[in-house]
Amino acid sequence: MQQNPRLTEMLVRKLLRKYNVDPSSIEVSEEDRQMLQGIIQQIEEEVNQFLENQQVSENSNTDN
């Protein structure tokens, strides 16, 4: 599953606006970027595994 950059951008923009944060004042270190990419990749893998399990479960239910 690919992340949708536009959706991510919208959510981040709304979150920053909620807390009155100026996006131009934010600096993200390379370490933080790598950590975020790792978290996103882990979540994507978990979602994909969940969807695969759901599909297998649905297929086994239709076979009965």
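See the structure above.
A. Fine view of the overall build of the protein. Counting its regular elements, the protein contains two helices and zero strands. Here the protein, with 64 residues, has 2% of them falling under the buried criterion. Both charge centroids of the protein, one from 6 positive and one from 12 negative side chains, sit 16 Å from each other.

B. Representation of unusual backbone geometry within the structure. Positive phi outside glycine occurs at Asn20, with the angle close to 50°. Checked against the element boundaries, Asn20 lands in the loop between helix H1 (5-18) and helix H2 (30-63).

C. Quick look at the pattern of salt bridges. In the structure shown here, the tally under the stated rule is one salt bridge. For Arg13, the salt bridge goes to Glu9, with nearest N and O atoms at 3.6 Å. Placement of both Arg13 and Glu9 in helix H1 is noted, with a separation of four residues, approximately one turn of the helix. A relative accessible area of 42% places Arg13 in the partly exposed class. By relative accessible area, Glu9 is classed as partly exposed at 48%.

D. Geometry of a nonpolar patch on the surface. Where nonpolar side chains cluster on the molecular surface, the patch consists of Leu15, Tyr19, Val21, Ile26, Val28, Met35, Leu36, Ile39, Ile40 and Ile43 and spans about 870 Å² of accessible area. With five residues, H2 is the single largest residue contributor to the nonpolar patch. Structurally, the position occupied by Val28 is in the loop between H1 and H2. With a relative accessible area of 36%, Val28 lands in the partly exposed category.

Rules used throughout
- Residues numbered from 1 in each chain as written.
- Predicted model: local features only at pLDDT ≥ 70, side-chain atom pairs only at ≥ 80, totals over all residues.
- Heavy atoms only, no water.
- Helix = DSSP H or I, 4+ residues; strand = E, 2+ residues; numbered from the N terminus.
- Buried < 20%, exposed > 50% of the residue type's maximum accessible area, 1.4 Å probe, protein only.
- Lys, Arg positive; Asp, Glu negative; His and termini not counted.
- Charge placed at Lys NZ, Arg CZ, Asp CG, Glu CD.
- Salt bridge = Lys/Arg side-chain N within 4 Å of Asp/Glu carboxyl O.
- Patch = residues over 30% accessible without salt bridge, like charges linked within 9 Å, V, L, I, M, F, W, Y side chains within 5 Å.
- Areas by Shrake-Rupley, 256 points an atom, 1.4 Å probe, with all protein chains shown as cover.

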